[in-house]
Amino acid sequence: MPCAPSGPARARLAVRAAVLLAVCLPVAGQAPPADRGPEAPQPQWIWAPGEPAPEACRLRVVFEVAAPVRRARLRMTCDNAFTAWLGGERVLAGDEWQRAYRADVGARLAPGTVVLAVEARNAGGPCGLIGRLDVEYESGARATICTDAAWQACVDPSDGDARWRDDRSVPAVPVRVVAPLGAPPWGDPFAPRTATPADSLRVRAGYRATLVRSAAEHEGSWIAMAFDESGRLWLSVERGGLLLLRDPAGEAEPEPVALPEDVCNVHGLAFAAGALWLNVNRNDAKGGLYRARDLDGDGAFEDVQRVFAWAGDGEHGAHAVVPGPDGWLWVVNGNMTALPEGLSPASPHRLFAEDVLLPPIEDPNGHAVGVKAPGCHVLRIAPDGSAVELFGAGLRNAYDLAFDAHGELYTFDSDMEWDLGLPWYRPVRFCRVVSGAEFGWRSGTGCWPVHWFDSLPAVLDVGRGSPTGLAFWYGTRVAPADHGALVAADWALGRILLVRVDRAPATAELLVSGRPLNVTDVAIGPDGALWFVTGGRRTQSGLYRIAAVEPAPAAPEIPPLPPQRLARRALEAFHRAPDPAALDAAWPALGARDPELRHAARVAVERQPVDVWRARALAEREPAAACAALLALARAGDARDLADLAARWLALAPESLPLERRSEALRVLWVALSRHGTPDPDLRAALAGALRALPSGGDVRIERERGALLIALGADGLVTPLLDALHAQTSQSDQIAFAFLLSHVGDGWRGADLERFGAWLRGARARLGGGDSFTGYLDAIASRLAQRLADPGLRAAAGAWKDRPRPAADRLEPGPFVRAWTMADLEPHLDAVGVGRSFAAGERAARTAQCFACHRFASRGGSIGPDLTSIGSRMSRRDLLQAILAPSEVVSDQYRTVVLTMRDGRTHAGRIVRDADGSIELLTDPVAGTSITLPAAEVAARTISPVSLMPPGLLNTLTLEQVLDLLAYFECDADPRADAFR
C-alpha cells in the first residue's frame, strides 16, 4: 500500500490545502486579493533530519493547484547546491548559496496535485535549503508555497530511483527547520537589490528625481532603452536580450522579449519605419543592425532580419541607432568596429586616410593597435535597408547620437584616458556631426591635433568621463531656462549634464549626480519627462524619471539657426553627387571664418571631378581660400599633382602669411607629402629651405609641424635645433612632442647630443607622469631612437635606455591570513562602510591588499587594471565588493588577459605592456611585478582569456574592519582632477 504521511504532517497538509482553496477560489462576487498582504507565508531554511546532518538529501512538498494558472515563479537557493523538479521535470538548479535562482514555471502548472522535489547537497559547514513558489491564477488570486515544516524528506531512495520526484508513495518523513528567513549566516537571499535611492541623488534645483524600479538580479544589467509609439519601454540587457515594460510607471515586472539567440547585447534600440531596430554589439559574424517586425500585430516579432553586418569589439563596438528627421536611420559605431560592405558612393565622408606624416607609435598597452581611419563613425541608413552611407568619422568611441529641433546631429565622444599628459591626448568632448565630418582620431601618436583645419572643432570640451546616452529635452517637463538643452550621461563620473550647444560658447551644467549613478542611457518619455537607466559591467540597474517640479505652461519658442549654419546646410546638398552648380556655390566659402561652413565648401568641391577645378585651385590667390583649395587637391588628387602642389605652396610665400594661415599651409604640405610621397630633389630642397626660413612666431605648434616636415623631406642638421626646442619647453606635452620628432632622426647625432637626450629621458621618467600608457610611450620613443641611430657606437650606448629601473611598488607586505572572505560574509556589514571610517586606515588596507600595484586611484598607483578614481560614482559598495572577490566575472575589454601561444606549443598568459621592436613584454604577475619578454616572431596566436589577471583572495589578509575601511576609501572623492560638475 502507498505510504501516507504521518498524522501531524497530514494535519499540516490539510490546513495548507484549506488555505490554498480559500485564497485561490474566492467567494463569488468578491474581487480576488490584490496581493498576499503582510500575513503572506515566509520561507524557512530546511534540511533532512539527522545528527550529524546528511551531506545530501531529497526534499519535496505536495500541493494542490486549484485553478488555471496565469503565471508562477520559483525562487530557491541552497547551501551549497540544489536541483529542483516540478511534476517530475527539471526546472531549476544552482550552486551559489548567496544568491536566489529563479525560473518561470507557470506553463508547468495545471489544476491538480503537484510535487515540487529538490535534491540538495552540502559541502561542509551550515546546511540549508530555502525557496518559495509564487503562483498567480487566472482569476487574479495568488498563493505562495514556501519551504517550511510541511515539507518532507524522502527516506533512503536508491540512487537510480527517480520516482521520489513525482511519486507520493516514496516513504518520507518531516523535514527539520534549520532557521528562519534572514538568520545568519545566510541573511535574506530574496531581498531585492536596489539601485541608488532617488533621495540620495544631487538634483538640480527645480527638478525632482524618482527611482521607478530597481532591476531584480535575474533581470540583468541594463545598457540601452527606447520608448515605442504606444509608450511602452524596451530595455536591453547587457550580454542578454530585451525586456519590455508595458507600463513603465506601473508595478508589473519587465517581460522577456522573444528574439533569436544571436540578437543579444544590444547597444542601440529605435522604433522607425514600422519596425524595432537593434544594433547588436558582437565581435563575431553575428554583429550588426537587425530589423524586427511584428507582422500580424500579436505583439511578437515574426520577422527578424540582419540588414547590415559589422563586427565590433565590446565597449568600442556597435552602439546607438536613432531615427533621423529625414526618415533614415542613423548609427554610431566605436573605433573597433569595421565598416559595413557596400557603402554607398553617395557617402559624404570620403577620401579618408591616416594623413600621418611620420610613422606613428601605437598604444604600448595594445589598445586599437592596427586600427586605421575612419575610426568611430556615423552611418546613415535607408529605412528599407537599400543603402548605407558613411556620414562622418574620426571620433574615438561615441556611444549615442541626438538630433536637435533643427535636425542638427550631435554626439558625445570619449577621451583616451591612457594618453593623459601626452601631446596626442584629447579630452571628452561634444561634437556637432555635420555632413562629411572628420574629427581626426587616429591610433596612438597619429591622433590629429585639434587645431588642424581639416579636423572639425568640438562644440565643448568637458575633461574626463565616459560618455553614454544623449537626448534633446523639449516640452513643458523641462524648466524653461533649460528648454532645448542636450541631456548627456556620463557613466564613469555618475552624472547627467545639461549642455547648451545652442549657445556660443556652449556651456554644461549638472542636472543630477549620485554615488553610484552609472547612467547607461537616457530618453524623453511620452510624458515629456527625462527617463534614464543605470547599469553596465553587470552592476545594479535602476530606472529613473526626472521632471521639473512645476510644469511650464507652454514650451518656449526655439530660436532659429544662425545664418552661417543655414549657409553650411545649403552647401551640404552638394556632398552626395557631382553637380555643375557646386563650384560656384562653394568656392566663396572656402575662406570662411566659420570652420563648419568652410568644411562644407571644401567637401562640396572635393565631390566634383578634379579635372574641373584643379586649375582653379592652383590659381587661387586669397590665402584662406587657397589653403582650403590646395588641401582639397591634396586629398582628391594623386601623385601627379604633387609637383604642382609643392610649387604653388612655395608661391604662397608662407613666411609672409598670418600665423593662422602659416599653420594651415603647413597642414596642406603635410597631407600632400603623407599621401603622395616626396617630390624630386630640387623641389624637395626648395621646400626644406622655405621651411627653415618660416618664422614660428613663438607658436610651438608651428615649430613641431615644421620639424616633422623637415624630417619627412630628409633635411639634415635637425638634431641640435630639435634638442634645443625640447629643452626650451615648459610643458611636458610639448617636450614629449619634440622627443617623438627626434626619435625619427638617425643621422647627425654626436655623443654630447645623445647625453642631452638621455638626461632628459631620465628626468622625464622620474618627474613626469600621465595616463596608463605614458611610461610605455616614453620607452617606445627611446627604443625607436636607439634603433635609428646611424652610428653603431651611439646605438650601443642608447641601448641602455631600455633598462629603466622599475618604480618601487606602492604596497605593504600582506599580513597573515585572516579569513577566506565571501560575499555572504561581508554583505551584511556594507551599511557600516559609511559610518566612522578612517581614510588613512583605508589607504593602508589598499596598500596591504596590493591595490596600487595594478590600479590608479587619484594620482597614485599602477596601470595594469582599471582606474579606480571616482569608482564610487559608477559602482555600488556591493558591486565593488563583488568585483574584488570575483575579478574574473566582469573584465573590461581594455584589461583582458592575453594568452600567447608560441610556435613550439608553449603558452603564456598576462597583460601586454610593450609590443615593439620585434619583442613582446608580458606582465604575468602584477602583484610581484613579474614579466617575461618574448620574440614576436615566435608567437603563433593571440587569444583573449576569460580569466582576469587580478587574483582572487586579495582581501583574505584583511580583517573585517580593514575591508570596510578599504571600501570607504575607494568611495571617497579623492580625485584632484575632479571638475566643477561634481
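Preceding this paragraph is the structure being described.
Anyway, here's the lowdown on the structure attached to this text. Remember, it's a predicted structure, so these values are computed and weren't measured experimentally.

## So, the sheet that holds strand 25 (residues 376-381)
Then, in step 1: The sheet built from four strands is open, its strands ordered 23-24-25-26 with antiparallel pairing. In this open sheet, the two edge strands, each paired with only one partner strand, are strand 23 (318-323) and strand 26 (388-395). Looking at each pair of strands side by side, their axes are set apart by 20° on average, direction ignored.
Then, in step 2: Looking at chain direction, strand 24 (residues 329-333) and strand 25 are connected through five bridges and run antiparallel.

## A look at the pattern of salt bridges
Then, in step 1: By the definition in use, this model includes 59 salt bridges.
Then, in step 2: Ionic pairing is found between R193 and D879, a salt bridge with its closest N-O pair at 2.9 Å. With R193 in the loop between strand 12 (176-180) and strand 13 (202-203) and D879 in helix 18 (residues 877-885), this residue pair connects regions lying 686 residues apart in the sequence. Each member of the pair, R193 as well as D879, carries the same accessibility label: buried.
Then, in step 3: For E572, the salt bridge goes to R568, with nearest N and O atoms at 2.8 Å. One end of the pair, E572, and the other, R568, are both in helix 2 (residues 563-572), four residues apart, so they sit about a helical turn from each other.
Then, in step 4: Each of E408, R432, R565, R568, R569, E572 and E596 takes part in salt bridges that share partners, so that together they form one network.

## Some thoughts on the sheet that holds strand 15 (residues 222-227)
Then, in step 1: One open sheet accounts for four strands, arranged 15-16-17-18; its pairing is antiparallel. One side of each edge strand has no neighbouring strand; the edge strands of this open sheet are strand 15 and strand 18 (255-256).
Then, in step 2: By the bridge criterion, two bridges tie strand 17 (residues 242-245) to strand 18 in an arrangement that is antiparallel. Its bridge partner being in strand 18, L244 is matched across the sheet by E255.

## Topic: the environment of L657
Then, in step 1: Along the chain, L657 falls in the loop between helix 7 (642-651) and helix 8 (659-676).
Then, in step 2: Look at L657 and you get buried, because its relative accessible area is 6%.
Then, in step 3: The spacing of L657 and V487 is 170 residues in sequence and 42 Å in space, taken between C-alpha atoms.
Then, in step 4: Among all residues touching L657, those that are not within four sequence positions of it are P623, L652, R662 and A665.

## Comments concerning the nonpolar core
Then, in step 1: Within the largest apolar cluster, 100 residues are counted, with the highest numbers of intra-cluster contacts made by W613, W749, F757 and W760.
Then, in step 2: With residues near it in sequence (within four places) discarded, W613 still touches L583, W587, V605, E606, Q608, A629, A632, L633 and A636.

## What to know about the packing of helix 17 (residues 839-848) against helix 19 (residues 960-971)
Then, in step 1: Contact geometry for helix 17 and helix 19: axes closest at 7 Å, N-to-C directions at 105°. Taken together, helix 17 and helix 19 sit at an angle that is classed as roughly perpendicular. Packed against helix 17, whose contacting residues are F839, A841, G842, E843, A845 and A846, the element helix 19 presents Q962, D965, L966, Y969 and F970 at the interface.
Then, in step 2: In terms of residue class, the contact of helix 17 with helix 19 is built from seven nonpolar, two polar and two charged.

## Focus on the packing of aromatic side chains
Then, in step 1: Scanning the entire structure with this criterion turns up 24 aromatic pairs.
Then, in step 2: When the ring of W234 is compared with that of F301, the centres are 5.6 Å apart and the planes differ by 45°; the resulting orientation is tilted. In this pair, W234 sits in strand 16 (residues 233-237) while F301 sits in the loop between strand 21 (288-293) and strand 22 (303-309), placing the two residues 67 residues apart along the sequence.
Then, in step 3: With a centroid separation of 5.7 Å and an interplanar angle of 45°, the aromatic rings of F757 and W760 are classed as tilted. Separated by three residues within a single helix, F757 and W760 lie in helix 13 (residues 751-767), roughly one turn from each other.
Then, in step 4: Judged by its relative accessible area of 0%, F757 falls in the buried class.
Then, in step 5: One aromatic cluster in this structure is built from W749, F757, W760 and W801.
Then, in step 6: Positioned above the aromatic ring of W328, the side-chain terminus of R380 is 3.7 Å from the ring centre.
Then, in step 7: One cation-aromatic arrangement involves R667 over W448; the distance from NZ or CZ to the ring centre is 4.5 Å.

Rules of the game
The residue numbering used here restarts from 1 in each chain and proceeds along that chain's sequence as written. This being a predicted model, a pLDDT of at least 70 is required before a residue's local features are given, and a value of 80 or more before pairs of side-chain atoms are given or counted; all residues contribute to the totals for chains, interfaces and linings. To get the side-chain values, all heavy atoms of the structure are used, and hydrogens and water are removed first. The rule for pairing is simple: two strands pair if DSSP sees at least two bridges between them. Secondary structure is summarised from DSSP: a helix means a run of H or I of at least four residues, a strand means a run of E of at least two, and numbering begins at the N terminus for each. Where helices are involved, their axes are fitted lines through C-alpha atoms of the stretch in contact, as for all axes, and angles between N-to-C directions lie from 0 to 180°. Just to be clear on terms, a salt bridge is a Lys or Arg side-chain nitrogen sitting within 4 Å of an Asp or Glu carboxyl oxygen. For each residue, the accessible area found with a 1.4 Å probe, counting protein chains only, is set against the maximum for its type, and the residue is called buried under 20%, exposed over 50%, and partly exposed in between. Contact between two residues is taken to exist if any of their heavy atoms lie within 4.5 Å; hydrogens are not considered. Among buried residues, those of type Ala, Val, Leu, Ile, Met, Phe, Trp, Tyr and Cys that are joined through side-chain atoms within 4.5 Å constitute a nonpolar core. The labels follow the angle: roughly parallel below 35 degrees, roughly antiparallel above 145, roughly perpendicular from 65 to 115, and oblique for the rest. Gly is placed with the polar residues, together with every amino acid not listed as nonpolar (Ala, Val, Leu, Ile, Met, Phe, Trp, Tyr, Cys and Pro) or charged (Asp, Glu, Lys and Arg). Classification of ring pairs rests on two measures: the distance between centres of Phe, Tyr or Trp rings, Trp counted by its six-membered ring, which must be within 6.5 Å, and the angle between planes, read as stacked under 30 degrees, edge-to-face over 60 and tilted in between. Here, over-ring charges are defined by two tests on the NZ atom of lysine or the CZ atom of arginine: distance to the ring centre within 6 Å, and angle to the ring normal within 35 degrees.

By themselves, these figures tell us nothing about what the structure is for.
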